[in-house]
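Architecture at a glance
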Amino acid sequence: MIVVTGATGNVGRALVPLLAGADEEVVAVSRRPRPADLPAGVRHARADLADAASLRPVLDGADAFFVVLGGELNSRGESPKALLDEVAAAGVKRVVLLSSQINSTRPQAASHARLREFEDAVRASGADFTVLRPAGFASNAFAWAESVRTRRTVFAPFGEVALPVVDPADIAEVAAVALREDGHAGRTYELTGPEAIGPRRQTEVLAEALGEDVAFVELSREEAHAHLARFMPEEVVDGTLDILGLPLPAEQTVTADVRHVLHRPARPFADWVARNLAAFR
């Protein structure tokens, strides 16, 4: 049995059907009621990583566990050790943690201190662990969906700064392999897309897929800060803008880990757009 937390998120929504399609017994965990689009045969459980005890009945009988921290859990909740103690007590053999590339490139970043604590706890848990450190998600482009639908315009900072955004579907496929197959214990995978792409070029890709003109309006750092501060903690805003505007060389580098695990190239941004075009129409 495989337990998937964050089952309603960008990665979890792709991972659960992959596992179910491979005839795995899957428990999809979220803090919300059962999603309407869960595949038949997948059991849903309501639990919260901020309350390790709530996961105790969910983990009973599990062989593998996929861990995703919601954004707010980066700053609150029980200690990571409390969660991993429950994992150990349940006899779970394999743990896959969705972390972040920032833990490689900016290991002192305050915004990801709690994720680093989870990495440390997973590594010390005694389970066979795999840590996934993806770059920025292609799905972050959903933030532009409303303005593209209503104004055929993308508003974003740093239009020419290119980063190798990764398709959440690729992250999910790598996670599925690590959860199901041997050979990935103790590994940390840095997951990127196949090329670095900036917001202006992403806008062009959207326009090509829509068959219509889409304007790009470049925001200043200050304008972008004001927008992000409405739903992100201050330290996360500053760290995000540093990566978007002043990326380190490693943050612009395409890695081979998706190809290594999946034996195929990573999906380009255009593939993500094609599958999600309805959100921008």
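Further up the page is the structure itself.
Computed from a predicted structure; not experimentally measured.

1. Digging into the sheet that holds strand 5 (residues 94-98)
The strand order 3-2-1-4-5-6-8 describes an open sheet built from 7 strands, whose pairing is parallel. With partners counted over all chains shown, the strands left at the sheet margins are strand 3 (43-46) and strand 8 (187-191), one partner each. In this sheet, neighbouring strand axes are inclined to one another by 20° on average, regardless of whether the strands run parallel or antiparallel. Across 5 bridges, strand 6 (residues 128-134) lies against strand 8 in parallel orientation.

2. Some details on the pattern of salt bridges
Following the criterion strictly, the structure yields 21 salt bridges and no others. Across the pair Arg267 and Asp170 runs a salt bridge whose closest N-O atoms are separated by 2.5 Å. Of this pair, Arg267 sits in the loop between helix 11 (257-262) and helix 12 (269-275) while Asp170 sits in helix 7 (residues 168-180), placing them 97 residues apart in sequence. We classify Asp170 as buried; its relative accessible area is 0%. Residue Glu173 is joined to Arg267 by a salt bridge in which the shortest nitrogen-to-oxygen separation is 2.8 Å. Of this pair, Glu173 sits in helix 7 while Arg267 is found in the loop between helix 11 and helix 12, placing the two residues 94 residues apart along the sequence.

3. A word on helix 8 (residues 199-210)
An α-helical segment advances 3.6 residues per turn. Residues three or four places apart therefore align on the same side. Across its 12 residues, helix 8 extends 16 Å between first and last C-alpha, which sits within 8% of the 16 Å expected from 1.5 Å per residue. Considered for burial, the residues of helix 8 that qualify are Pro199, Gln202, Thr203, Val205, Leu206, Ala207 and Leu210. Looking at the buried positions of helix 8, the neighbouring elements they touch are helix 6 (145-151), strand 7 (153-157), strand 9 (215-219) and helix 12. Within two residues after helix 8, Gly211 carries a phi angle of roughly 70°, on the positive side.

4. Re the layout of surface pockets
If a probe as big as a water molecule is rolled over the atoms, it shows which places are left empty. In this structure, the second largest pocket spans a volume of roughly 230 Å³. Grouping the amino acids of the lining of the second largest pocket by side-chain chemistry returns 5 nonpolar, 3 polar and 3 charged.

5. Thoughts on the nonpolar core
Counting residues in each nonpolar core, the largest one holds 33 residues, and the members touching the most others are Leu15, Phe66 and Leu132. Breaking this core down by element, the ones donating at least two residues are strand 1 (2-4), helix 1 (12-21), strand 2 (26-30), strand 4 (64-67), strand 5, helix 7, strand 8 and helix 11. When residues in this core are grouped by element, the largest group, 8 residues, is from helix 7. Discounting chain neighbours no more than four positions away, the residues touching Leu132 are Phe66, Val96, Leu97, Leu98, Ser99, Ser100, Ile171, Val174, Ala175, Tyr189 and Leu191.

Reading guide: rules and limits
- Position labels on residues start from 1 in each chain and follow its written sequence.
- Local features in a predicted model are, by the rule used here, given only for residues with pLDDT of at least 70; side-chain atom pairs are given and counted only at 80 or more, and totals for whole chains, interfaces and linings are based on all residues.
- Note that the side-chain values use all heavy atoms of the structure and ignore hydrogens as well as water.
- When DSSP finds at least two bridges between two strands, those strands are taken to pair.
- Secondary structure elements are defined from DSSP: runs of H or I of at least 4 residues count as helices, runs of E of at least 2 residues count as strands, and each element is numbered from the N terminus.
- With axes taken as lines fitted to C-alpha atoms, and helix axes fitted only over the stretch in contact, angles between N-to-C directions fall between 0 and 180 degrees.
- Salt bridge criterion: a side-chain nitrogen from Lys or Arg within 4 Å of a carboxyl oxygen from Asp or Glu.
- The rule is simple: take the accessible area with a 1.4 Å probe, protein chains only, and divide by the maximum for that residue type; under 20% is buried, over 50% is exposed, in between is partly exposed.
- Take the number of residues in a helix, subtract one, and multiply by 1.5 Å to get its expected span.
- Any two residues whose heavy atoms approach within 4.5 Å are treated as being in contact.
- Cavity and pocket criteria rest on a 1 Å grid covering protein atoms alone: a 1.4 Å probe that fits but cannot get out defines a cavity, protein on both sides within 12 Å along at least 5 of 7 lines defines an open pocket, and an atom within 4 Å of a point defines a lining residue.
- Grid points are joined across faces, edges and corners, and a volume is the space filled by probe spheres set on the points.
- Each residue gets one of three labels, nonpolar for Ala, Val, Leu, Ile, Met, Phe, Trp, Tyr, Cys and Pro, charged for Asp, Glu, Lys and Arg, and polar for the others, Gly among them.
- We call a set of buried Ala, Val, Leu, Ile, Met, Phe, Trp, Tyr and Cys residues a nonpolar core when their side-chain atoms join them within 4.5 Å.

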